[in-house]
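# Chains, contacts and geometry: an overview
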Amino acid sequence: MDKKMIALLVNPLALQKVKKILAEISQVLTVNAIQYELYHDPWPIEINGFKELWIIGGDGTLNYCLNKYRDISIPIAIFKGGTGNDFANTLYGDLTPLKQAEYLLSASTHQVDAGMCNTELFINGAGIGFDGEVVRSIKSIRWIGGHFGYMLAVLKQVLFYKEKRFKIEYDQQVIDDKFLLCVICNSSSMGGGFKVAPGSRIDDGVLDVVLCRKLGLLKRLRYLPVIEKGRHLNLEFIRHFKAVKLRISCNQEVFIQLDGELRSGKSFDITVMHKRYIFKF
């Protein structure tokens, strides 16, 4: 471990998939005489001894990293190499891995927020009920990947998902109703490009909560493209608010996704962690 070196972490399950990305990043670092150490299996025990942390993977890989290294204090960068790459897209847009690596050599650092759900961290967003079932479905078609694979999983749930009743407590307010969607966003995009919370910012110290009340099948199909484009927040069946802390509970076990990672439970205490991490972008 060397404070001058960059730690380059790759999801070991995606090593073959990201070979081209890895080659482009390595080329930029080598040409610029920047030392780095590549890790895929296993990852290092400690991370803060490095100069920076560069990750190749999707939202799930980033989630795993943040929960593995809870005390990260060095600058982080994430390259798109997963099924869902919403957080990387938020930071770097359409930059190719080569252009992103070149850009990162002189990019500024910024403090960004994260969220805590019970005992686990998330940084892009969390979705309870419908979103959890989508992630559970997508595991069987993960080889498709990206936005198309996510859309197939979404369509399955659009057809068959039954709304759950949630009790949502925040700012001395209580909401108790059946909801199709219950999403907590740190960034604006989820699910490979759905603009669920188009005005959300990753450094504002609050989480955006988006709720969609019970809808029939025809309305689900009609408004899915509207939600994808982020034009839904003023619809009568949508409720949107910002919160620093909230509790969401259900009278039955439900699935929740945290940055695309599947969990389950009946009660979820969610808190924003303002300016928790340093990212380069």
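Residues numbered from 1 in each chain as written. Predicted model: local features only at pLDDT ≥ 70, side-chain atom pairs only at ≥ 80, totals over all residues. Heavy atoms only, no water.

## Details of the pairing of strand S13 (residues 261-280)
The condition that has to hold: Here the rule is simple: two strands pair whenever DSSP picks up at least two bridges between them. The secondary structure listing takes helices from DSSP runs of H or I that are at least 4 residues long and strands from runs of E that are at least 2 residues long, numbered from the N terminus.
Two elements, strand S5 (residues 109-117) and S13, share 8 bridges in a ladder whose sense is antiparallel. Each bridged residue has a counterpart across the sheet, and for Met116 the counterpart in S13 is Thr271. Relative to S13, strand S12 (residues 245-258) runs antiparallel, the two sharing 10 bridges. Note that in S13 the partner of Leu258 across the bridge is Glu261. Counting the residues in the hairpin turn of S12 and S13 gives 2 residues, including Asp259, whose phi is positive at 55°.

## Describing a nonpolar patch on the surface
As a reminder, the rule being used: Patch rule: a residue counts if its relative accessible area is over 30% and it has no salt bridge; like charges are joined within 9 Å, and nonpolar side chains (Val, Leu, Ile, Met, Phe, Trp, Tyr) within 5 Å. Reported accessibility uses the Shrake-Rupley method at a 1.4 Å probe radius. Residues are deemed covered only where the shown protein chains occlude them. Salt bridges are identified by distance alone: a Lys or Arg side-chain nitrogen within 4 Å of an Asp or Glu carboxyl oxygen. Throughout, exposure labels follow a simple rule: accessible area from a 1.4 Å probe, protein chains only, divided by the maximum for the residue type, with under 20% read as buried, over 50% as exposed, and the rest as partly exposed.
A cluster of nonpolar side chains, namely Phe148, Leu152, Leu155, Leu159, Phe160, Leu217, Leu218 and Leu221, defines an oily patch on the protein surface of about 810 Å² accessible area. Every element with two or more residues in the nonpolar patch is listed here: helix H6 (146-160) and helix H7 (217-228). Along the polypeptide, Leu221 turns up in helix H7. Leu221 gets classed as partly exposed once you look at its relative accessible area, which sits at 39%.

## Describing empty space enclosed by the protein
Test applied: Cavities and pockets are defined on a 1 Å grid built over the protein atoms alone: a cavity is a set of grid points where a 1.4 Å probe fits but cannot escape, while a pocket is an open set with protein on both sides within 12 Å along at least five of seven lines, and lining residues are those with an atom within 4 Å of any such point. Grid points are joined across faces, edges and corners, and a volume is the space filled by probe spheres set on the points. Asp, Glu, Lys and Arg are counted as charged, while Ala, Val, Leu, Ile, Met, Phe, Trp, Tyr, Cys and Pro are counted as nonpolar; the rest, among them Gly, fall into the polar class.
All told, the structure shown has 1 cavity of 30 Å³ or more when counted by the stated rule. Computed from the structure, the largest cavity encloses a volume of approximately 230 Å³. Contributing to the lining of the largest cavity are 19 residues, with Phe130, Leu181, Phe194, Leu224 and Ile227 lying nearest its centre. Contributions of two or more residues to the lining of the largest cavity are made by helix H5 (130-138), H6, strand S9 (173-185) and H7. Sorting elements by how many residues they give to the lining of the largest cavity places H7 first, with 5 residues. Here the lining of the largest cavity is built from residues that sort into 15 nonpolar, 1 polar and 3 charged.

## Describing the side chain of Asp86
Rules: Under the convention used here, Asp and Glu are negative, Lys and Arg are positive, and both His and the chain ends fall outside the count. Counted as a polar contact is a pair of N or O atoms within 3.5 Å, where, for protein atoms, one must be capable of donating a hydrogen and the other of accepting one, and residues adjacent in sequence contribute only when both atoms are in side chains. In what follows, residue pairs with any heavy atoms lying within 4.5 Å of each other are defined as contacts.
By secondary structure assignment, the location of Asp86 is in helix H3 (residues 86-92). Buried within the structure, Asp86 lacks any salt-bridge partner; Lys195 is the closest side chain of opposite charge, at an N-O distance of 6.8 Å. Separated by 2.8 Å, the side chain of Asp86 and the backbone nitrogen of Gly192 make a polar contact. In this view, Asp86 contacts Asp59, Asn124, Ser189, Met190, Gly191, Gly192 and Gly193; residues no more than four positions away in its chain are not counted.

## Overview of the pairing of strand S7 (residues 125-128)
Side chains of S7 alternate between two faces, with Gly125 and Gly127 and Ala126 and Ile128 buried alike. The pairing of S7 with S9 spans 3 bridges and is antiparallel. Looking at the pairing, Gly127 lines up with Val183 of S9. Of the strand pairs in this sheet, S7 and S12 are connected by 3 bridges, and their pairing is antiparallel.

## Thoughts on helix H2 (residues 59-68)
The buried fraction of H2 amounts to 8 of the 10 residues, a majority that puts the element mostly inside the structure. Taken together, the buried positions of H2 are Asp59, Gly60, Thr61, Leu62, Asn63, Cys65, Leu66 and Asn67.

## Details of the nonpolar core
How we decide: Among buried residues, those of type Ala, Val, Leu, Ile, Met, Phe, Trp, Tyr and Cys that are joined through side-chain atoms within 4.5 Å constitute a nonpolar core.
Core analysis: the biggest nonpolar cluster contains 46 residues, and Leu53, Trp54, Ile72, Tyr277 and Phe279 have the highest contact counts within it. Dropping the residues within four chain positions of it, Trp54 is found in contact with Ile6, Ala7, Leu8, Leu9, Ile25, Leu29, Ala77, Phe79, Ala101, Leu104 and Leu105.

## A look at H7
Helical geometry note: an α-helix holds 3.6 residues per turn, so side chains three or four residues apart project in the same direction. Stated formally: Multiplying one less than the number of residues by 1.5 Å gives the expected span of a helix. Directions are taken from the helix axis to each C-beta atom, and the arc is the one they span.
Over its 12 residues, H7 runs 17 Å from end to end, which matches the ideal 16 Å to within 8%, given 1.5 Å per residue. All of the buried residues along H7 are Arg220, Tyr223, Leu224 and Ile227. Down the axis of H7, the smallest arc covering the buried residues is 140°, so these residues share one side. In this structure, H7 carries Leu218 and Arg222 as exposed residues pointing more than 90 degrees from its buried face. Taken from the residues just after H7, Gly230 is the one with a positive phi, measuring 75°.

## Examining unusual backbone geometry
Residue Asp41 is joined to Pro42 through a cis peptide bond whose omega torsion reads 0°. Its place among the elements puts Pro42 in the loop between strand S2 (36-39) and strand S3 (52-57). Notably, Asp171 is not glycine yet its phi reads approximately 45°, a positive angle. Examined against the element boundaries, Asp171 turns out to sit in the loop between strand S8 (164-170) and S9. Phi is positive for Asp259, close to 55°, though the residue is something other than glycine.

## As for the state of the cysteines
A covalent bond between the sulfur atoms of two cysteines is what we call a disulfide. The condition is simple: Cysteine sulfur pairs qualify as disulfides if the two atoms are within 2.5 Å.
Enumeration over the complete set of coordinates arrives at 0 disulfides. You can see Cys182 has no disulfide; the closest cysteine sulfur is in Cys250, sitting 9.5 Å from it. Cysteine Cys212 is unpaired, with the sulfur of Cys182 as its nearest cysteine sulfur at 11 Å.

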